[in-house]
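Descriptive structure summary
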Amino acid sequence: MSFFFGQSKQRDYLVLDIGKEAVKALILKRQKEEVELLSSALEYFDDHNVSTINEEEIIGKTISEIFRKPKFKNLPKRLFLGLSPSILKSRIIPIVIRRKNPRDLIQKKEAGLLFEEALAEARDKIENFVFEEDGILSQDICFTSSKILEIKIDGYRVLNLLGLGGRDVSFRVLVVFSLKEPLKKIEKIIQPFKFKKIDILHPIQGLLKLHLVGAENSVFIDVGGNNTQISLIKNAKFEQTGNFEIGGKNFSEGLAEVLGQGERDGRELKEKYSNGQLSIEVQTRVSEILAQIKINWYKKLKDTISKINRTGILPSDFYLFGGGAKLSEIQRVLEEESWQGVNFSRNVRVHIFSLKDFYHYLHLKVKDLPSSILTNSQYIPSFLIFYARENF
């Protein structure tokens, strides 16, 4: 979805990735086949003394703090906006359309009608799914993107429908959608900054554009603040997406609650634990506190993967990224649990997907990245949002 407020030939872009725990911001400059990082910022909501529980005020204050920094003085007028999975969601929908005259070769007009019918039916299925899962009505949903990922005629994969015959035309459609009310609140927050064009994008739209050499069969896991998103890939094809509501913030809150600390203290303790900066005694105590949250996260992950993996063996390569990816609890539980009832191609292997690894899969190169970002998987979703833009 895009919002236009006039025309701009600006070649600098702002990526604003608004989560449930923090806001990440990047200013990137595109020059032919190379991208340069001009500015970056990561601000946690709990870093600011905001005497309110109003989420809009907290997000607005955090964004304003970022934009007051000298390196964000000259903001680009083109914004790529990413949102929390609780607001912006994705789903891959299979559609089958039976033609009345299978012997007739498909002409341009019929092909267009088939595409329109597939996209409309995919959106209808999303509306039914959201109502059944969450009781949310269709008028409360906003579709930001629909993209056909695959076409088959009578079971055979094709690149184009024109000039072909057959009875059953199958589509796989990626639908990205949002809840209207939370989206309106975000739009209100960013409106004062007067961007000329805003694109609302989902990380999976960026994942789709990667060259998955060596990762053709894999599970990509984005461990966010209070949500974990999953992308299942088989034979370099995106099978399905899923998500559940446990993320890195839940581990921080668990520490804060048991130890009687504030939210910020819990997060900082979790980060020190992840980086191995604590004494053996404290490290052991933190591990004990996080044990149950780790199991809860694993159970949710297993349940979600089982639901979206409807055919065959599950890929054994897991690629972790996002703010919670470097938490050792998450890495260990993936490798050490029995995964009873789930069939893998081989033993589970866990990879931390940092920007350094990200280069391997890109059309473009990013230059002048500091090591603090290059080795930090927390920025992967932000860069995926940047690369998600169609016809970029």
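Check the entry above for the structure.
Below or above, wherever it landed, is the structure these notes cover. These figures come from a predicted structure and were not determined experimentally.

**A closer look at the nonpolar core**
One finds Leu-16, Ile-18, Ile-63, Leu-81, Leu-83, Phe-220 and Phe-383 to be the most contacted residues of the largest nonpolar core, which totals 61 residues. With seven residues, helix α11 (residues 380-388) is the largest single contributor of residues to this core. Apart from residues no more than four positions distant in its own chain, Leu-16 is found in contact with Val-23, Lys-24, Ala-25, Ile-63, Phe-67, Leu-79, Phe-80, Leu-81, Gly-82 and Ile-190. Residues Phe-244, Ile-246, Leu-320 and Trp-339 belong to the second largest nonpolar core, which totals 34 residues.

**A look at helix α7 (residues 280-308)**
Note that an α-helix has 3.6 residues per turn; residues three or four places apart therefore point the same way. In a regular helix each residue adds 1.5 Å, so 29 residues correspond to 42 Å; α7 covers 39 Å between its end C-alpha atoms and thus fits that length. Leu-290 marks where α7 bends most, by close to 40 degrees. Those residues of α7 not exposed but buried are Val-286, Ile-289, Leu-290, Ile-293, Lys-294, Trp-297, Tyr-298, Leu-301, Thr-304, Ile-305 and Ile-308.

**Remarks on the packing of helix α5 (residues 248-259) against α7**
Closest axis-to-axis distance for the α5/α7 pair is 10 Å, and the angle between their directions is 135 degrees. With respect to α7, the axis of α5 lies oblique. Regarding α5 and α7, the two cross each other, and that crossing is right-handed. Contacts between α5 and α7 pair Asn-250, Phe-251, Gly-254, Leu-255, Val-258 and Leu-259 from the former with Arg-285, Val-286, Ile-289, Leu-290, Ile-293, Lys-294 and Trp-297 from the latter. Here the contact of α5 with α7 is composed, by residue class, of nine nonpolar, two polar and two charged.

**Describing the sheet that holds strand β7 (residues 141-153)**
Reading across the sheet, the four strands line up as β6-β9-β7-β8 and stay open at both edges, with antiparallel pairing between neighbours. The sheet is open, and its two borders are formed by β6 (88-98) and β8 (156-158), each paired with just one other strand. The mean angle between the axes of side-by-side strands here comes to 35 degrees, regardless of whether they run parallel or antiparallel. Taken together, the 11 bridges between β7 and strand β9 (residues 168-179) define a ladder with antiparallel strand orientation. Of the residues in β9, the one forming a bridge with Phe-143 is Phe-177. This element, helix α2 (residues 108-134), spans β6, β7 and β9 of the sheet and lies at about 130 degrees to β6. Seen against the sheet, helix α3 (residues 180-190) touches β7 and β9 and runs at an angle of roughly 55 degrees to β9.

**Some thoughts on the packing of aromatic side chains**
Following the criterion strictly, the structure yields 17 aromatic pairs and no others. Pairing Phe-193 with Phe-195 gives two aromatic rings, centres 6.5 Å apart and planes at 45 degrees, and the pair type is tilted. By relative accessible area, Phe-195 is classed as buried at 3%. Among the aromatic residues, those joined into a cluster by ring pairs are Tyr-13, Phe-80, Phe-386 and Tyr-387. The ring of Tyr-44 carries Arg-267 above its face, with NZ or CZ at 3.6 Å from the centroid.

**Details of the pairing of strand β5 (residues 78-83)**
Burial within β5 is extensive, with six of its six residues counted as buried. For strand β2 (residues 12-18) and β5, the ladder comprises five bridges, and the chain directions are parallel. The residue of β5 that forms the bridge with Leu-16 is Leu-81. One ladder, built from four bridges, connects β5 with strand β10 (residues 197-200); its direction is parallel. Residue pairing across strands places Arg-78 opposite Lys-197, the latter belonging to β10.

**What to know about unusual backbone geometry**
Backbone geometry at Asn-235 places phi at a positive 50 degrees, although glycine is not the residue there. Relative to the elements of secondary structure, Asn-235 occurs in the loop between β12 (228-234) and β13 (237-244). One non-glycine residue, Trp-339, lies in positive phi territory at about 55 degrees. On the secondary structure map, Trp-339 appears in the loop between α8 (328-336) and β15 (349-352).

**Quick look at a negative patch on the surface**
Together, Glu-132, Glu-133, Asp-134 and Glu-245 give the surface a local cluster of negative charge. Mapped onto the secondary structure, Glu-132 falls in helix α2.

**Some words on the pattern of salt bridges**
Under the definition given, this model contains 19 salt bridges. Arg-264 is the partner of Glu-268 in a salt bridge, and the nearest nitrogen-oxygen pair spans 3.1 Å. In this pair, Glu-268 and Arg-264 both sit in helix α6 (residues 263-274), four residues apart, roughly one turn of the helix. Among the residues examined, Arg-264 registers a relative accessible area of 39% and is labelled partly exposed. Two residues, Arg-332 and Glu-329, come together in a salt bridge whose shortest N-O distance is 2.7 Å. Separated by three residues within a single helix, Arg-332 and Glu-329 lie in helix α8, roughly one turn from each other. By relative accessible area, which is 29% here, Arg-332 ends up partly exposed. Judged by relative accessible area, which is 1%, Glu-329 ranks as buried. In this structure, a network of salt bridges that share partners links the residues Glu-150, Arg-157, Lys-237 and Glu-239.

Conventions and cut-offs
Residues numbered from 1 in each chain as written. Predicted model: local features only at pLDDT ≥ 70, side-chain atom pairs only at ≥ 80, totals over all residues. Heavy atoms only, no water. Core = buried A, V, L, I, M, F, W, Y, C linked by side-chain atoms within 4.5 Å. Buried < 20%, exposed > 50% of the residue type's maximum accessible area, 1.4 Å probe, protein only. Helix = DSSP H or I, 4+ residues; strand = E, 2+ residues; numbered from the N terminus. Contact = heavy atoms within 4.5 Å. Expected span 1.5 Å × (residues − 1). Bend = angle between axes of the 7 residues up to and from the residue. Axes fitted to C-alpha atoms, helices over the stretch in contact; angles between N-to-C directions. Parallel < 35°, antiparallel > 145°, perpendicular 65-115°, else oblique. Left-handed = near helix turned anticlockwise from the far one by under 90°. Nonpolar A, V, L, I, M, F, W, Y, C, P; charged D, E, K, R; others polar. Pairing = 2+ DSSP bridges. Phe/Tyr/Trp six-rings, centres within 6.5 Å; stacked < 30°, edge-to-face > 60°. Lys NZ or Arg CZ within 6 Å of the ring centre and 35° of its normal. Patch = residues over 30% accessible without salt bridge, like charges linked within 9 Å, V, L, I, M, F, W, Y side chains within 5 Å. Areas by Shrake-Rupley, 256 points an atom, 1.4 Å probe, with all protein chains shown as cover. Salt bridge = Lys/Arg side-chain N within 4 Å of Asp/Glu carboxyl O. Lys, Arg positive; Asp, Glu negative; His and termini not counted. Charge placed at Lys NZ, Arg CZ, Asp CG, Glu CD.

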